[in-house]
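# Survey of secondary and tertiary structure
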Amino acid sequence: MSDAARQSADSRGGALTLDGVTSGYGAVSIVKGVSLKVAPGEIVALLGKNGMGKTTLLKTILGMVGLRGGAIAVDGVSVAGLSPAKLVALGVGYAPQEQPLFQDLSIRDNLRLAVSSDRLLPAALERVFGHFPFLADRLAQRAGTLSGGEQKMLILARALMLKPRLLLIDEISEGLQPSVVDRIAAALSAERAASGATMLIVEQNLDFALRVADRWAVLKLGEIDDEGATSPDARERILRHLSV
Ligand SMILES: Nc1ncnc2c1ncn2[C@@H]1O[C@H](COP(=O)(O)OP(=O)(O)OP(=O)(O)O)[C@@H](O)[C@H]1O
């Protein structure tokens, strides 16, 4: 394979395959036999009411919650038991829901933590400034002094620093005003168009999910209750699941 071909193959999205995934905490299983495929370059929204196991499923893919049964593969390679460094090497990125920023560090230092060497920093910063230009003007500002919406954009920017081939995003739109949700939706669509990244996005905001995703799945009590394409009839069908 030529260098150019390899570079283009490397920049394509990774395929995520979940096969009968079961996981949980202590004596309790939370995720119960979930099977789901996300094709290279596809964006799938994982929906569901509070406490149904969406975050637990993402954390299981990342190895932060132990796999109790089933299999998880990225591009056919099992990720069970892989270290965070190996996951990063496979191109897996993560934008977590809970307190993921170092509040006392500057924007620059929060972003710098995403790269293994300062040599990679300028190009990675340029990439994310393309999505969120305000970050370029505020590099010295402490992350903790950013607004809620700006912090969410910084979280996503940090996950995008390494040009992930598979991006897992946990409720990025939570608590945000519509204009910020629009900016984040635009950034995800632009990233996918530019790099072909695959994305699994956990969401409560149905409008955002349907705008960004190609397909959706509803998780109910740890199982996939329904799934489909983001076709015009999807909204009503999903709302029926979320209201009962
Ligand atoms: N570390 C933990 N120890 C024990 N139980 C946990 C732990 N983390 C989550 N749980 C429980 O697992 C269940 C599923 O939680 P999870 O965060 O995966 O749901 P979710 O669908 O992402 O919900 P939300 O939309 O509210 O974020 C909940 O009952 C939660 O209390």
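- An unreviewed UniProt entry annotates the protein as ABC transporter ATP-binding protein originating from Methylopila capsulata.
- Quoted verbatim from the Sequence similarities (unreviewed entry) heading of the UniProt record, the comment on the protein is "Belongs to the ABC transporter superfamily."

### A word on the pairing of strand β1 (residues 16-25)
- The sheet contact formed by β1 and strand β2 (residues 28-38) spans eight bridges and is antiparallel. By the bridge assignment for β2, L16 is matched with V38.
- What sits between the antiparallel neighbours β1 and β2 is a turn of two residues, in which G26 has the positive phi angle 55 degrees.
- Alignment of β1 against strand β4 (residues 67-74), held across six bridges, turns out to be antiparallel.

### Considerations on the sheet that holds strand β10 (residues 223-229)
- Spatial strand order, β6-β7-β8-β3-β9-β10: six strands in an open sheet with mixed pairing. Each of the sheet's edge strands pairs with one partner strand only, and the pair in question is β6 (92-95) and β10. Going across the sheet, the axis of each strand differs from the next one's by a mean of 15 degrees, ignoring polarity.
- Pairing of β6 with strand β7 (residues 166-170) involves four bridges; the strand directions are parallel. Within the sheet, the bridge partner assigned to G93 lies in β7 and is L167.
- Where helix α2 (residues 54-61) meets the sheet, its contacts fall on β3 (43-47), β7, β8 (198-202) and β9 (215-220), and the angle it forms with β7 comes to roughly 150 degrees.

The rules behind each value
- Residues numbered from 1 in each chain as written.
- Predicted model: local features only at pLDDT ≥ 70, side-chain atom pairs only at ≥ 80, totals over all residues.
- UniProt positions renumbered as here; feature names shortened; annotations may be inferred.
- Pairing = 2+ DSSP bridges.
- Helix = DSSP H or I, 4+ residues; strand = E, 2+ residues; numbered from the N terminus.
- Axes fitted to C-alpha atoms, helices over the stretch in contact; angles between N-to-C directions.
- Contact = placed C-beta atoms within 7 Å.

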